[in-house]
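# Coordinates in review
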Amino acid sequence: MTNKAKILLIIPAYNEGEGIAENIKKVENYIKSSFYDLDYVVINDGSTDNEEEVLKENKINHVELIQNLGIGGAVQTGYMYAYRKGYDIAVQFDGDGQHDIESLPQLIDPVINNQADFTVGSRFLDESNSEFKSSRTRQIGIKILSTLIRFTSKIRIMDVTSGYRAGNRKVIEQFVKRYPRQYPEPESYMHLFAKNIRVKEVGVRMFERTTGTSSISLLKGVNYMISVSLSILATSLLGKGRK
């Protein structure tokens, strides 16, 4: 694969009308100055605010979902778009301003150079220059999930809930067929490991979200941790049973 591989940024967005135009402008400016063959698509996940109007007014390339599918369904829609349009690499990129577009080379170069099939952008590696690490409570939850994944798969991923990720054509095809809906980030690793897909964690920079609210509130945190842990264990057992 070369630097001229066709690359697509998949940008899921739900009720991001307030800041989506500004965030996409940063992406478009990066594309203009980049030597990558880079495009983007916003997946409007059935927003109930003025997001669709903002996307149309600013002529932002997007797909409008007629109902809310959740982050998993929105991202899988992006992978379907990438597959049908013939992209070589798909990058998951949040529409709320959390992900630093300037960190894109760290994320995609290992895929371009065939060092990995899939990369995950991490705030917690030594080479990361991210000052934003998430809240203390969430960091504890992330460490628990990281330990659980390491226990079940023998592979260490520190920033398991990171949504800043990139995959090659093999990964695109895999996620078109199956992409977790409820807990897509941590659970998807179990599916990748079961298919012997090479996963590499790389340091990137992230910011605190500029608009919108997180899909996981503090009140839902405990329930999320229990549910996603059970999901990881179940997926691990099913994977072993199929070998």
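Quick notes on the rules
- Residues numbered from 1 in each chain as written.
- Predicted model: local features only at pLDDT ≥ 70, side-chain atom pairs only at ≥ 80, totals over all residues.
- Heavy atoms only, no water.
- Axes fitted to C-alpha atoms, helices over the stretch in contact; angles between N-to-C directions.
- Helix = DSSP H or I, 4+ residues; strand = E, 2+ residues; numbered from the N terminus.
- Parallel < 35°, antiparallel > 145°, perpendicular 65-115°, else oblique.
- Left-handed = near helix turned anticlockwise from the far one by under 90°.
- Contact = heavy atoms within 4.5 Å.
- Nonpolar A, V, L, I, M, F, W, Y, C, P; charged D, E, K, R; others polar.
- Buried < 20%, exposed > 50% of the residue type's maximum accessible area, 1.4 Å probe, protein only.
- Pairing = 2+ DSSP bridges.
- Polar contact = N/O pair within 3.5 Å; in protein donor to acceptor, adjacent residues only side chain to side chain.
- Core = buried A, V, L, I, M, F, W, Y, C linked by side-chain atoms within 4.5 Å.
- Right-handed = clockwise from strand over helix to strand, strands pointing away.
- Salt bridge = Lys/Arg side-chain N within 4 Å of Asp/Glu carboxyl O.

### Structural notes on the packing of helix H3 (residues 70-84) against helix H6 (residues 169-177)
Two numbers describe how H3 lies on H6: the axes approach to 9 Å, and their chain directions differ by 125°. The angle between the axes of H3 and H6 places the two elements in the oblique class. Taken as a pair, H3 and H6 cross one another with a handedness that is left-handed. Contacts between H3 and H6 involve Gln76, Tyr79, Met80, Ala82 and Tyr83 on the former and, on the latter, Arg169, Ile172, Glu173, Phe175, Val176 and Lys177. When the residues that make up the contact of H3 with H6 are grouped by side-chain class, the tally is 7 nonpolar, 1 polar and 3 charged.

### Here we look at the pairing of strand S5 (residues 118-122)
Counting buried positions along S5 yields 5 of 5 residues, so the element is predominantly enclosed. What you see with S5 is no split at all: Phe118, Val120 and Ser122 on one side and Thr119 and Gly121 on the other are buried throughout. Bridging between S5 and strand S6 (residues 165-167) involves 3 bridges; their strand directions are antiparallel. Counted as the bridge partner of Thr119 is Ala166 from S6. Two elements, S5 and strand S7 (residues 199-203), share 5 bridges in a ladder whose sense is parallel. Counterpart to Val120 in the pairing with S7 is Glu201.

### Notes on the side chain of Ser34
Examined against the element boundaries, Ser34 turns out to sit in the loop between helix H1 (20-33) and strand S2 (37-44). Here the side chain of Ser34 touches Tyr36 through a polar contact of 2.9 Å, landing on its backbone nitrogen.

### A short note on the sheet that holds S6
Two modes of strand pairing occur in sheets, parallel and antiparallel, and in both the strands are linked by backbone hydrogen bonds. Read from one edge to the other, the open sheet built from 7 strands follows the order S3-S2-S1-S4-S6-S5-S7, with strand pairing classed as mixed. Two strands bound the open sheet, and with one partner strand each, they are strand S3 (62-64) and S7. The sheet shows a mean angle of 20° between the axes of neighbouring strands, taken without regard to direction. Sheet strands touched by H1: strand S1 (6-13) and S2. Its angle to S2, the strand with the most contacts, is close to 165°. Packed on one face of the sheet, H3 meets S1, S2, S3, strand S4 (89-92) and S5 and runs near 155° to S1.

### Concerning the nonpolar core
Ranked by internal contacts, the top residues of the largest apolar core, which has 30 residues, are Leu9, Ile89, Val91, Leu104 and Ile108. Those elements giving two or more residues to this core turn out to be S1, H1, S2, helix H2 (51-57), S4 and helix H4 (104-112). Among the elements that make up this core, the one with the highest residue count is H4 (5 residues). Leave out the neighbours within four places in its chain, and Ile108 touches Ile7, Tyr36, Ile89, Val91 and Ala166. In terms of nonpolar packing, the next biggest core, distinct from the first, is built from 29 residues, Leu8, Val75, Phe124 and Ile142 among them.

### Regarding the pairing of S1
Consecutive residues of a regular strand have side chains that alternate between opposite faces of the sheet. Here S1 lies mainly inside the structure; 7 of its 8 residues are buried. With 8 bridges connecting them, S1 and S2 associate as parallel partners. Looking across to S2, one finds that Ile10 is bridged to Val41. Between the parallel pair S1 and S2, the chain is carried across by H1, and the sense of this crossover is right-handed. Across 4 bridges, S1 lies against S4 in parallel orientation. If you follow Ile7 over to S4, its bridge partner there is Ile89.

### Some details on the pattern of salt bridges
One side chain can pair with another of opposite charge once the charged atoms of both are near each other. Scanning all chains against the criterion turns up 4 salt bridges. For Arg198, the salt bridge identified is with Asp117, shortest N-O distance 3.0 Å. In this pair, Arg198 is assigned in the loop between helix H7 (184-194) and S7 and Asp117 in the loop between H4 and S5, connecting sequence segments 81 residues apart. Judged by relative accessible area, which is 33%, Arg198 ranks as partly exposed. With a relative accessible area of 7%, Asp117 lands in the buried category. In this structure, Glu173 and Arg169 form a salt bridge, with 3.8 Å as the shortest nitrogen-oxygen distance. Here Glu173 pairs with Arg169, and both are found in helix H6, just 4 residues apart, close to one helical turn. The class of Arg169 is partly exposed, set by a relative accessible area of 26%.

Nothing here speaks to function; it is all geometry.
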